[in-house]
Amino acid sequence: MGFARTCSVALVGVEGVVVEVQADLEPGVAAFALVGLPDKSLTESKDRVRAAVVNSGVAWPQKKLTVGLSPASVPKSGSGFDLAVAVAVLSAAERIDPREIADLVMVGELGLDGRVRPVRGILPAVLAAAEAGYRQVVVPEQCAAEASLVPGISVLGVRSLRQLIAVLAGEEVPDEEPAEEGRPDAMLAGLTVPGAGAGTGLAAGSGDTGADLADVGGQDAARLALEIAAAGGHHLLLFGPPGAGKTMLAERLPGLLPPLTRQESLEVTAVHSVAGILPPGEPLVTRAPYCAPHHSATMQSLIGGGNGLPRPGAVSLAHRGILFMDEAPEFTAKALDSLRQPLESGHVVVARSAGVVKLPARFLMVLAANPCPCGRHGSKEANCDCGPATVRRYQARLSGPLIDRVDLLVRVEAVTRADLMGQGGRGESSSVVAARVREARERAAARLEGTPWANNSEVPGHELRTRWQSVPGALAAAERDMERGLLTARGFDRVLRVAWTVADLGGHDRPDEADLELALQMRTGIDRGAVRKRGADRSTLVTGGAV
């Protein structure tokens, strides 16, 4: 009787579970049984593994073979177990010393010719192996760079099963013919899901589209709102007539965000790797992602879903980045209201019959909406064709609880001819505004050092009311609005968060009355006469203008 074991990783959402792959050979009629709650694609590995072993020049054992995947209670899917199953079988057949593979974690799909094909989710799989205490992993050659992102792990990238057998057996490693230059590499097909990028509206790999804020004519209030949103991670609603530049503004927001930290990059890369939208040759996502789903998107596509265990949705693909929902009232009410929980918690828990999955979803939401179906409600230049009831129904599609979670409400006015022709001069470029955003985030990070929060939008309101207080008397206007019912308790806390961001942009030690006035105006959409002076002195707030 021969027995051997090695390890692989099962992915549950974007988290990995180390699975022990056991192979047992006994005398009897030649048969191959795979147990341990495998799905259809994993069950088919029996034929792939047998063909790969034979075509690698190794005899297949003609005995009763049982391969067990433990723990058996965890659902297992995908083709990433092929490599571990093949090596465990060969070790049980005494082709490889079982002691050489007992502490190895192997992830990879096998082709019928013995080539090791790349699979999705390598980074979260290696992270799970490292957390479990393993120090050596074997992955496909194309995924070695992604696996090497995890510190403290020795990574072996192999091109074929023949090479891995030679390494484990201490034999001379055979050379494999490289792919012909200029010829499409079919091996990379396992890394992406067809249509995934187009289906999510995601600019995979980088959220920086190259669009410059200087291209926007006028819109001083909206430009200021974008700067505040980028500096503090605040949610934003842009509403106004068609053609005013709402989408144009949102597309320039990624250029204002600073690069991701190392930890944030690993989180985003793990989600994109599982989703199959990680570009080949770019193992680490360093820029904040930008995801813009179409308004016909379902709730499952936004939150996460699919057959079996749920897969990441748009809110997870936008993790640590921007979720832009253009024509927001055109989304279904069910889809919009499903965003309420992740906006508060920073994650989403999806329960299905196959299991419960927790997915990361800490994103900056940007909503764009017209005031009515025709888009001319409230316009001084054009008459609106919509009746009052139609306007109310259209605006009510954005529910009160959802709007209460939005920090900045900004009306985007129609662009004038002077603004469009650039007669007032070009506005500040994205690089100039991004520099101020970076400085504001550094001030916030220094203040929040030693806490579990990274920016102002994450700080609980209780901490802002007790630990980090505003200038005495600065909250008087916000307290009056709360008494009048213009602010909820959640809205009051969000005003404090925005005020701290305004103070960080202005270089203040703590928010003063002018900072709170601007935060209130941005929060309620009610004109209070607070406007930011656009000039050399970026820290001055004056009154007398209208945003």
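That block above? That's the structure.
Residues numbered from 1 in each chain as written. Predicted model: local features only at pLDDT ≥ 70, side-chain atom pairs only at ≥ 80, totals over all residues. Heavy atoms only, no water.

### Some words on the overall build of the chain
Inference 1: Counting its regular elements, the chain contains 23 helices and 20 strands.
Inference 2: Among the 547 residues that make up the chain, the fraction classed as buried is 51%.
Inference 3: Contacts in the chain between residues far apart in sequence, at least 24 positions, make up 71% of those at least 6 positions apart.
Inference 4: Entry remark: accessible area of the chain is about 23800 Å², with carbon and sulfur atoms responsible for 50%. (Helix = DSSP H or I, 4+ residues; strand = E, 2+ residues; numbered from the N terminus. Buried < 20%, exposed > 50% of the residue type's maximum accessible area, 1.4 Å probe, protein only. Contact = heavy atoms within 4.5 Å. Areas by Shrake-Rupley, 256 points an atom, 1.4 Å probe, with all protein chains shown as cover.)

### A look at the layout of surface pockets
Inference 1: Computed from the structure, the largest pocket encloses a volume of approximately 860 Å³.
Inference 2: Lining of the largest pocket is provided by 36 residues; of these, Arg320, Arg441, Ala454, Asn455 and Glu458 occupy positions nearest its centre.
Inference 3: Mapped by element, the contributors of at least two residues to the lining of the largest pocket are α15 (340-345), α19 (430-447) and α22 (489-506).
Inference 4: Counting residues per element, the lining of the largest pocket draws most heavily on α19, which supplies five residues.
Inference 5: Within this model, the second largest pocket holds a volume of roughly 730 Å³.
Inference 6: Surrounding the second largest pocket, 32 residues form its lining, Leu11, Ser77, Gly78, Arg120 and Arg311 being those nearest its centre. (1 Å grid on protein atoms, 1.4 Å probe; cavity = no way out; pocket = protein on both sides within 12 Å on 5 of 7 lines; lining within 4 Å. Points joined across faces, edges and corners; volume = space filled by probe spheres on them.)

### With respect to the packing of α22 against helix α23 (residues 513-524)
Inference 1: The N-to-C vectors of α22 and α23 enclose an angle of 125 degrees; their axes lie 8 Å apart at closest approach. When the axis of α22 is compared with that of α23, the two are oblique. In this structure, α22 crosses over α23, and the sense of that crossing is right-handed. Contacts from Gly491, Arg494, Val495, Leu496, Val498, Ala499, Val502 and Ala503 in α22 reach Asp515, Leu516, Leu518, Ala519, Leu520 and Arg523 in α23. (Axes fitted to C-alpha atoms, helices over the stretch in contact; angles between N-to-C directions. Parallel < 35°, antiparallel > 145°, perpendicular 65-115°, else oblique. Left-handed = near helix turned anticlockwise from the far one by under 90°.)

### What about the pairing of strand β14 (residues 322-325)?
Inference 1: Going residue by residue along β14, you find Ile322 and Phe324 tucked away on one face and Leu323 and Met325 tucked away on the opposite face as well.
Inference 2: Where β14 and strand β17 (residues 364-369) come together, four bridges link them in parallel fashion. Residue Met325 lies in a different strand from β17, and its bridge partner there is Leu367. (Pairing = 2+ DSSP bridges.)

### A few points about the pattern of salt bridges
Pairing is possible between side chains that carry opposite charge, provided their charged atoms lie close to one another.
Inference 1: A complete count under the given rule lists 27 salt bridges for this structure.
Inference 2: Here Asp113 and Arg115 are joined by a salt bridge, their closest N and O atoms 2.8 Å apart.
Inference 3: Taking the relative accessible area as the measure of exposure, Arg115 reaches 38% and is therefore partly exposed.
Inference 4: Of the charged contacts, one joins Glu428 and Arg436 as a salt bridge, the two residues approaching to 2.8 Å between their closest N and O atoms. (Salt bridge = Lys/Arg side-chain N within 4 Å of Asp/Glu carboxyl O.)

### Some remarks on the packing of aromatic side chains
Inference 1: Following the criterion strictly, the structure yields three aromatic pairs and no others.
Inference 2: Between Tyr290 and Phe324, the aromatic rings sit 6.3 Å apart at their centres with planes inclined by 25 degrees, giving stacked as the arrangement. With a gap of 34 residues between them, Tyr290 in strand β11 (residues 290-291) and Phe324 in strand β14 connect regions that are remote in the sequence.
Inference 3: By relative accessible area, which is 3% here, Phe324 ends up buried.
Inference 4: Summarising the aromatic geometry, the rings of Trp453 and Trp468 are spaced 6.5 Å apart at their centres and angled 80 degrees between planes, so their arrangement reads as edge-to-face. Of this pair, Trp453 sits in the loop between α19 and α20 (461-466) while Trp468 sits in the loop between α20 and α21 (476-483), and the two are 15 residues apart along the sequence. Of the two residues, Trp453 and Trp468, neither departs from the other in class, the shared state being buried. (Phe/Tyr/Trp six-rings, centres within 6.5 Å; stacked < 30°, edge-to-face > 60°.)

### A word on a nonpolar patch on the surface
Inference 1: A contiguous nonpolar patch, built from Leu156, Val167 and Val173 and spanning about 190 Å² of accessible area, is present on the exposed surface.
Inference 2: Tracing the chain through its elements places Val167 in helix α7 (residues 161-169).
Inference 3: When its relative accessible area of 37% is taken as the criterion, Val167 is described as partly exposed. (Patch = residues over 30% accessible without salt bridge, like charges linked within 9 Å, V, L, I, M, F, W, Y side chains within 5 Å.)

### Quick word on the sheet that holds β17
Backbone hydrogen bonds are what pair the strands of a sheet, in a parallel or an antiparallel way.
Inference 1: Spatially, the five strands line up as an open sheet ordered β11-β14-β17-β10-β18, and their pairing is parallel. The sheet is open, and its two edges are formed by β11 and β18 (408-411), each paired on a single side.
Inference 2: Note that strand β10 (residues 236-239) and β17 share four bridges and pair parallel. Of the residues in β17, the one forming a bridge with Leu238 is Ala368.
Inference 3: Most of the contacts of helix α9 (residues 220-232) go to β18, to which it runs at about 160 degrees, and overall it touches β10, β17 and β18.

### Regarding the side chain of Glu458
Inference 1: If you trace the backbone, Glu458 turns up in the loop between α19 and α20.
Inference 2: Its relative accessible area of 16% is what places Glu458 among the buried residues.
Inference 3: A polar atom in the side chain of Glu458 sits 3.0 Å from the backbone nitrogen of Ala454.
Inference 4: Discounting residues that sit within four places of it in the chain, Glu458 has contacts with Arg320, Arg362, Pro452 and Trp453. (Polar contact = N/O pair within 3.5 Å; in protein donor to acceptor, adjacent residues only side chain to side chain.)

### Regarding the pairing of β10
Inference 1: For β10 and β18, the ladder comprises four bridges, and the chain directions are parallel. Of the residues in β18, the one forming a bridge with Leu237 is Leu409.

### Focus: the environment of Ala369
Inference 1: Residue placement: Ala369 occurs in strand β17.
Inference 2: On the accessibility criterion, Ala369 (4% relative accessible area) is buried.
Inference 3: Taking the C-alpha atoms as reference points, Ala369 and Glu327, separated by 42 residues in sequence, lie 5.1 Å from one another.
Inference 4: Beyond its immediate stretch of four places on either side in the chain, Ala369 contacts Leu237, Leu238, Phe239, Gly240, Lys246, Pro329 and Leu398.

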